Amino acid sequence: MDNLAQRSTTAVIGLGVVAIIFGILALFWPIGSALTLVIFWGAYAFVDGITSIVLAFRSDEGRGWLVVSGVIGILAGLVAMFQPLSSAVALTWVLGIWLIARAIMELIAAIGAKTTGPRWLTFLSALLWAIAGTLFVLNPGASALGLAMWLGVLAITWGIVLVVLGFSARNAAKTTA
């Protein structure tokens, strides 16, 4: 078998195993997983805020908005990194409100717009978005844990796909060599 094919399939299988392990950890420790995700988001928001401020001084257009966006990003990032529990609840609230807003937009589309498909499907979509948003807003803690567990299930599923893909590619490379 070609050395490159061997290394490639080994890498794919290795990534699959790591994804499966990550998924299992997320399922067994959803609170830790949710808080870790919030801390990573906080680090991202912090770096993004710094980048916005740097860009503000490299451009004449939109300088004020970039500075404001940068300061908000830095503050949000710091809060998320140093207060991950309250930040997880706040982020879940934001997600819930966004889901409800999405439901309203779907409902408006179902009532007013010309649709190419059955109108009842758009109403159903609006109803499902509204239910999800309401659940997130009414119980943000459980919703954050549910998201962490869902991420775990997705990671395990993706890991299994990668492992199967890696072994399939390895077998295919052996038979063609």
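Predicted model, so just to flag it, every value in this text is computed and none were measured.

1. Topic: the environment of Ala 88
When you line up the elements, Ala 88 lands in helix α4 (residues 84-112). With relative accessibility at 8%, the residue Ala 88 sits in the buried group. When the C-alpha atoms of Ala 88 and Ser 143 are compared, they prove to be 9.7 Å apart, with 55 residues separating the residues in sequence.

2. Side note on the packing of helix α2 (residues 30-56) against α4
Two numbers describe how α2 lies on α4: the axes approach to 9 Å, and their chain directions differ by 85 degrees. For the element pair α2 / α4, the angle class is roughly perpendicular. On α4, the residues touching Leu 35, Val 38, Ile 39 and Trp 41 of α2 are Pro 84, Leu 85, Ser 87, Ala 88 and Leu 91. Of the residues belonging to the contact of α2 with α4, the class tally is 8 nonpolar, 1 polar and no charged.

3. Some words on the pattern of salt bridges
Applying the stated criterion across every chain yields a total of 1 salt bridge. One salt bridge in this structure joins Arg 102 and Glu 106, with 3.3 Å as the shortest N-O distance. Here the residue Arg 102 and the residue Glu 106 both occupy positions in helix α4, the gap between them amounting to 4 residues, near one helical turn.

4. Overview of the packing of aromatic side chains
Applying the stated criterion across every chain, the model contains 2 aromatic pairs. Judged by centre distance (6.0 Å) and plane angle (75 degrees), the ring pair of Trp 98 and Trp 129 falls under edge-to-face. Of the two residues, Trp 98 sits in helix α4 while Trp 129 sits in helix α5 (residues 119-138), which places them 31 residues apart along the sequence. Classification of Trp 98 as partly exposed rests on a relative accessible area of 46%.

5. So, the side chain of Thr 9
Among the structural elements, Thr 9 can be located in helix α1 (residues 3-28). Once you skip the residues sitting within four places of it in the chain, Thr 9 turns out to touch Gly 166, Ala 169 and Arg 170.

6. Concerning α2
Its 27 residues give α2 an end-to-end C-alpha distance of 38 Å, which sits within 8% of 39 Å, the value for a rise of 1.5 Å per residue. Listed in full, the buried residues belonging to α2 are Pro 30, Ser 33, Ala 34, Val 38, Gly 42, Ala 45, Gly 49, Ser 52 and Ala 56.

Scoring rules and cut-offs
- Residues numbered from 1 in each chain as written.
- Predicted model: local features only at pLDDT ≥ 70, side-chain atom pairs only at ≥ 80, totals over all residues.
- Heavy atoms only, no water.
- Helix = DSSP H or I, 4+ residues; strand = E, 2+ residues; numbered from the N terminus.
- Buried < 20%, exposed > 50% of the residue type's maximum accessible area, 1.4 Å probe, protein only.
- Axes fitted to C-alpha atoms, helices over the stretch in contact; angles between N-to-C directions.
- Parallel < 35°, antiparallel > 145°, perpendicular 65-115°, else oblique.
- Contact = heavy atoms within 4.5 Å.
- Nonpolar A, V, L, I, M, F, W, Y, C, P; charged D, E, K, R; others polar.
- Salt bridge = Lys/Arg side-chain N within 4 Å of Asp/Glu carboxyl O.
- Phe/Tyr/Trp six-rings, centres within 6.5 Å; stacked < 30°, edge-to-face > 60°.
- Expected span 1.5 Å × (residues − 1).

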